[in-house]
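Examination of the molecular architecture
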Amino acid sequence: DGGITQSPKYLFRKEGQNVTLSCEQNLNHDAMYWYRQDPGQGLRLIYYSQIVNDFQKGDIAEGYSVSREKKESFPLTVTSAQKNPTAFYLCASSELAGRGRETQYFGPGTRLLVL
Amino acid sequence: RKEVEQDPGPFNVPEGATVAFNCTYSNSASQSFFWYRQDCRKEPKLLMSVYSSGNEDGRFTAQLNRASQYISLLIRDSKLSDSATYLCVVTGGSTLGRLYFGRGTQLTVWP
């Protein structure tokens, strides 16, 4: 059963703590993405990766870090430098970036709350 | 200026009604266009791609007007299950694979 999984579904972070959100896909997609969604807002791109061992900053990368050591995995770390981390985090993947292959498929998301 | 602009609604329509959403995009170089659907507290899911010639999928029809840089989605014979937020999505810019999402238009279909 192919798809994208994210864990945990809910995550609580204490002040000054780093937390890592997991994203795994078995679609054999090359490109992976992390978005943040705030209530009533559109999706904002945090980081993306088009190939293993390479990634680029999106529009709101400050306070976040990623790694892409394996094709199927793209974890996101929310660091203590991110002062307003409460949001819905969505991971997505797509085939090789390029015309006709941009359709992105999303995982079920992780809700991060600050205690 | 935002890459993609949508009327946030909400649109409240009775079952069986026809409803249309529009969105505009700012980058004339955009090549691919999509409508996604997002249910409350869920992830977005692809509803349909939008082609230059327009395309239809059952009760859903999507149109693209490149000259005016707008995209439309028409839903005929609305069902209760159509209640969701509809996201207009376009490619653009110099980054391959990068998608730009509108804030979404909220639709509620009532019995």
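For the structure given in this document, a descriptive report is provided here.

**So, the pattern of salt bridges**
- Across all of its chains, the model carries 8 salt bridges over all chains by this definition.
- One salt bridge in this structure joins Asp38(A) and Arg36(A), with 3.0 Å as the shortest N-O distance. As far as the burial class goes, Asp38(A) and Arg36(A) line up, both buried.
- The partner of Arg76(B) in a salt bridge is Glu56(B), and the shortest N-O contact between them spans 3.5 Å. Linking Arg76(B) in the loop between strand 8 (70–75) and strand 9 (84–91) with Glu56(B) in strand 6 (residues 55–57), this pair joins segments that are 20 residues apart in sequence.
- What makes Arg76(B) partly exposed here is its relative accessible area of 27%.
- A single network of salt bridges, built from pairs that share partners, joins Arg36(A), Asp38(A) and Arg44(A).

**Overview of a positive patch on the surface**
- Among the surface-exposed residues, Lys9(A), Arg41(B), Lys42(B) and Lys45(B) lie close enough to one another that they form a single positively charged patch.
- Secondary-structure assignment places Lys42(B) in the loop between strand 4 (33–38) and strand 5 (44–50).
- Its relative accessible area of 46% is what places Lys42(B) among the partly exposed residues.

**Some points on the pairing of strand 3 (residues 19–25) of chain A**
Residue and element names in this part refer to chain A.
- Of the two faces of strand 3, the one lined by Val19, Leu21, Cys23 and Gln25 is fully buried and the one lined by Thr20, Ser22 and Glu24 carries no buried residue.
- With 3 bridges connecting them, strand 3 and strand 8 (residues 76–78) associate as antiparallel partners. Residue pairing for strand 8: Thr20 is matched across the bridge by Thr77.

**Examining the sheet that holds strand 8 of chain A**
All names here are of chain A.
- In spatial order, the strands read 1-3-8-7; together these 4 strands make up an open sheet with antiparallel pairing. The open sheet has two edge strands with one neighbour each: strand 1 (4–7) and strand 7 (64–66). Across the sheet, the mean angle separating the axes of adjacent strands is 20° when strand polarity is ignored.
- In this sheet, strand 8 lies alongside strand 7 in antiparallel orientation, the contact comprising 3 bridges. Along strand 8, the bridge assignment pairs Val66 with Leu76.

**Quick look at the sheet that holds strand 6 of chain B**
All names here are of chain B.
- Strand order in this open sheet of 5 strands is 1-3-8-7-6, and the pairing throughout is antiparallel. Single-partner strands in this sheet number two, and they are strand 1 (4–6) and strand 6. The mean inter-strand angle of the sheet, taken between neighbouring strand axes irrespective of direction, is 20°.
- In the sheet, strand 3 (residues 19–25) pairs with strand 8 via 6 bridges, with the strands oriented antiparallel. Looking across to strand 8, one finds that Thr24 is bridged to Tyr70.

Quick notes on the rules
Residues numbered from 1 in each chain as written. Chains lettered and ligands numbered in written order. Predicted model: local features only at pLDDT ≥ 70, side-chain atom pairs only at ≥ 80, totals over all residues. Heavy atoms only, no water. Salt bridge = Lys/Arg side-chain N within 4 Å of Asp/Glu carboxyl O. Buried < 20%, exposed > 50% of the residue type's maximum accessible area, 1.4 Å probe, protein only. Helix = DSSP H or I, 4+ residues; strand = E, 2+ residues; numbered from the N terminus. Patch = residues over 30% accessible without salt bridge, like charges linked within 9 Å, V, L, I, M, F, W, Y side chains within 5 Å. Areas by Shrake-Rupley, 256 points an atom, 1.4 Å probe, with all protein chains shown as cover. Lys, Arg positive; Asp, Glu negative; His and termini not counted. Charge placed at Lys NZ, Arg CZ, Asp CG, Glu CD. Pairing = 2+ DSSP bridges. Axes fitted to C-alpha atoms, helices over the stretch in contact; angles between N-to-C directions.

Function cannot be inferred from these measures alone, as they are strictly geometric.
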